[in-house]
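Architecture at a glance
What follows is the residue order along each chain.
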Amino acid sequence: MASSLQFILLSLLVFFYLSHAQTSSSNSKPKALVLPIYKDASTLQYLTHLNLGTPSLQTTLVVDLGGRHLWVDCSSGYHSSTYRPGHCGSASCSLAKAECGSICPSPAKPGCKNNTCTVLAKNSVFGGYLIPEVAIDTISPRSTDGSKAGSYVSIPNFIFALSSAFGGSFCRKFAICLPSNPKAKWCLVFGDSPYQFHPGYDTSKVVDVSSSFRYTKLVNYETTASPRLQGAQLPEYFVKITSILVNQKPVPINSTLLDFHKTGIGGSRITTVQPYTTLETSIYKSFVKVFDEQMLIVRKEDLDMSLLGFSVPDIYLVFGNRDVNWSITGANSIVEVSNDVVCLGFLDRGPNTGLTTTSIDVGAHQLQDNLLQFDVAASRLAFTSSLLLQEVECSNFKF
């Protein structure tokens with residue numbers, strides 16, 4: 001990771017266990033919480049800051065939609081008076097579905113205590129797995145009214161290695177909007193909130209972008225790919241893409257690649273740790289062929305920049321039937337490598353082999369300046385397509 005990171009961290013951030021959340025200035029419970037998101041230019045990963053422990057220490061975390069656990073490296077330099085380990089047989093270990101048997105050869109400290117339970121955590125940035133202990137501590141995100149960040153919220157007894165449960169009065173939904181500018185930031189919003197942006201040309205103006213939401217189903221994907229995963233719902237966000245269009249021309253795709261299979265192979269998901277959308281090899285070849293054909297129709301003098309990026313053929317990810325699609329314009333399809341070199345921001349990730357391999361991973365570049373709301377309770381994804389159409393962008397939020 002970049003040297004600017006405070007910890008060699010690596011984490012996921014999806015939901016909080018919020019049954020005891022309250023603002024630091026009152027006893028009222030907020031309806032929504034917010035964390036900033038910014039892009040690390042050297043790694044192309046999206047990061048956030050979260051205040052941990054007592055006294056509160058700002059910690060840098062990677063935002064990973066597809067991870068099961070929130071975890072940090074607390075083996076050195078982690079000092080908090082509210083820290084507690086998750087002891088074997090405790091409610092915390094049960095809730096985290098953790099296993100017992102942690103034995104520490106060195107003196108007890110955070111990340112290394114005897115008689116604590118552990119989980120299997122995936123490092124989705126570098127690959128591989130680790131076995132961290134379950135721990136409990138206080139976290140302090142900020143509240144929001146949907147247009148700006150508010151006061152800090154104290155959440156005691158947050159269970160690390162658990163990030164998929166809501167409590168209290170919070171709605172089981174969250175929204176994410178990835179900024180395209182590495183110098184700017186937007187946020188993760190947890191709970192129910194309006195989504196109001198202030199255009200850069202007039203910060204007194206308010207644009208509520210939720211009116212442009214389109215909806216598709218989040219797929220509850222279960223797999224029998226291995227005994228460990230058999231019958232278990234995968235902790236990621238899957239959608240059913242049925243076709244891809246380039247300038248309304250269909251891309252020839254073997255439809256079985258777009259179906260979800262119990263073997264863990266196929267289908268599509270949304271990911272924040274993949275910098276660009278990746279496609280199974282046969283899909284990629286067909287997609288590039290159709291895109292190249294449509295590019296020949298575009299005159300060179302029309303390839304100028306516009307509000308929506310380079311004037312290249314529009315791409316549509318189609319859900320169900322053709323009346324619900326996600327429009328991808330030049331701002332999200334083209335990557336500017338230098339002043340005179342641009343590339344198509346889609347990659348060939350090889351054929352479907354191994355376990356739990358999706359055919360399409362919609363990556364971070366395609367998500368930039370698009371607002372996505374994940375309504376977990378209703379198994380529904382809401383999305384806007386590019387906010388640039390409404391003359392706002394993800395960074396037009398007041399922190």
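If you check an unreviewed UniProt entry, the protein appears there as Peptidase A1 domain-containing protein from Hevea brasiliensis. Taken directly from UniProt, the Sequence similarities (unreviewed entry) text for the protein runs: "Belongs to the peptidase A1 family."

1. Considering the overall build of the protein
Within the protein one finds four helices and 34 strands. In the protein, which comprises 399 residues, the proportion classed as buried is 53%. Considering only residue pairs separated by 6 or more positions, the protein has 66% of its internal contacts joining residues 24 or more positions apart.

2. Considerations on the pairing of strand 17 (residues 214-219)
Inspection of the sheet shows strand 17 paired to strand 34 (residues 380-386) by four bridges, in the antiparallel sense. Across the sheet, the residue bridging to Arg-214 is Phe-383, located in strand 34. As paired strands, strand 17 and strand 20 (residues 237-239) are joined by two bridges and run antiparallel to one another. In the strand pairing of strand 20, Leu-218 is matched with Val-239.

3. Thoughts on the state of the cysteines
Under the counting rule described, the total for this entry stands at three disulfides. Across the disulfide from Cys-88 sits Cys-100; the S-S distance is 1.6 Å. Disulfide Cys-88-Cys-100: the torsion about the S-S bond is 100°, which places it as right-handed. Of this pair, Cys-88 sits in the loop between strand 5 (84-85) and helix 1 (91-95) while Cys-100 sits in strand 6 (residues 99-102), and the two are twelve residues apart along the sequence.

4. Focus: the pattern of salt bridges
Enumeration according to the criterion identifies eight salt bridges in this entry. Across the pair Glu-236 and Arg-269 runs a salt bridge whose closest N-O atoms are separated by 2.8 Å. In this pair, Glu-236 sits in the loop between strand 19 (232-233) and strand 20 while Arg-269 sits in strand 23 (residues 268-270), placing the two residues 33 residues apart along the sequence. Measuring nitrogen to oxygen at the nearest pair gives 2.7 Å for the salt bridge that ties Arg-269 to Asp-361. In this pair, Arg-269 is assigned in strand 23 and Asp-361 in strand 32 (residues 360-362), connecting sequence segments 92 residues apart. You'll find Arg-269 and Asp-361 in the same group, each marked buried. Several salt bridges converge on common partners, so that one network encompasses Lys-173, Asp-192 and Asp-375.

5. Digging into the pairing of strand 27 (residues 315-319)
Most of strand 27 is tucked away, with five of its five residues classed as buried. Of the two faces of strand 27, the one carrying Ile-315, Leu-317 and Phe-319 and the one carrying Tyr-316 and Val-318 are both buried. Of the pairings in the sheet, the one linking strand 21 (residues 241-246) to strand 27 comprises five bridges and is antiparallel in character. Across the sheet, residue Val-246 finds its bridge partner in strand 27, namely Ile-315. When strand 27 meets strand 28 (residues 325-328), the two strands line up antiparallel, connected through four bridges. Opposite Ile-315, over in strand 28, you have Ile-328 as the bridge partner.

6. Focus on a nonpolar patch on the surface
There is a patch of nonpolar side chains on the surface, built from Leu-120, Tyr-129 and Ile-131 and spanning about 330 Å² of accessible area. With respect to the helices and strands, the residue Tyr-129 is situated in strand 9 (residues 129-130).

7. Concerning the packing of aromatic side chains
By the definition in use, this model includes twelve aromatic pairs. For the pair Phe-174 and Phe-374, a centre-to-centre distance of 4.8 Å together with 10° between the ring planes defines the contact as stacked. Of this pair, Phe-174 sits in strand 13 (residues 173-177) while Phe-374 is found in strand 33 (residues 370-375), placing the two residues 200 residues apart along the sequence. In this structure Phe-374 comes out as buried when scored by relative accessible area, which is 0%. Note on Tyr-195 and Phe-213: the rings are 6.0 Å apart at their centroids and 70° apart in plane angle, and the pair reads as edge-to-face. Taken together, the positions of Tyr-195 in the loop between strand 14 (185-191) and strand 15 (196-197) and Phe-213 in the loop between strand 16 (207-208) and strand 17 put the pair 18 residues apart, joining distant regions of the chain. Summarising the burial analysis for this pair, Tyr-195 and Phe-213 share the class buried. Through pairs of rings, three or more aromatic residues link up here, namely Phe-174, Phe-190, Tyr-237 and Phe-374. The ring centre of Tyr-152 lies 5.2 Å from the NZ or CZ of Arg-142, which sits over that ring.

8. Regarding the nonpolar core
In this structure, Ile-176, Ile-244, Ile-270, Phe-287, Trp-326, Leu-372 and Phe-374 are the most contacted members of the largest nonpolar core, which totals 59 residues. Sort the elements by how many residues they give to this core and helix 2 (residues 281-295) lands first, with five residues. Other than its neighbours up to four places away in sequence, Ile-270 contacts Leu-65, Tyr-237, Val-239, Trp-326, Val-362, Leu-367, Leu-372, Phe-374 and Leu-381. Judged by nonpolar contacts, the second largest core, of 19 residues, contains Ala-32, Cys-177, Cys-187 and Val-209.

Thresholds, definitions, all that
- Residues numbered from 1 in each chain as written.
- Predicted model: local features only at pLDDT ≥ 70, side-chain atom pairs only at ≥ 80, totals over all residues.
- Heavy atoms only, no water.
- UniProt positions renumbered as here; feature names shortened; annotations may be inferred.
- Helix = DSSP H or I, 4+ residues; strand = E, 2+ residues; numbered from the N terminus.
- Buried < 20%, exposed > 50% of the residue type's maximum accessible area, 1.4 Å probe, protein only.
- Contact = heavy atoms within 4.5 Å.
- Pairing = 2+ DSSP bridges.
- Disulfide = S-S within 2.5 Å.
- Salt bridge = Lys/Arg side-chain N within 4 Å of Asp/Glu carboxyl O.
- Patch = residues over 30% accessible without salt bridge, like charges linked within 9 Å, V, L, I, M, F, W, Y side chains within 5 Å.
- Areas by Shrake-Rupley, 256 points an atom, 1.4 Å probe, with all protein chains shown as cover.
- Phe/Tyr/Trp six-rings, centres within 6.5 Å; stacked < 30°, edge-to-face > 60°.
- Lys NZ or Arg CZ within 6 Å of the ring centre and 35° of its normal.
- Core = buried A, V, L, I, M, F, W, Y, C linked by side-chain atoms within 4.5 Å.

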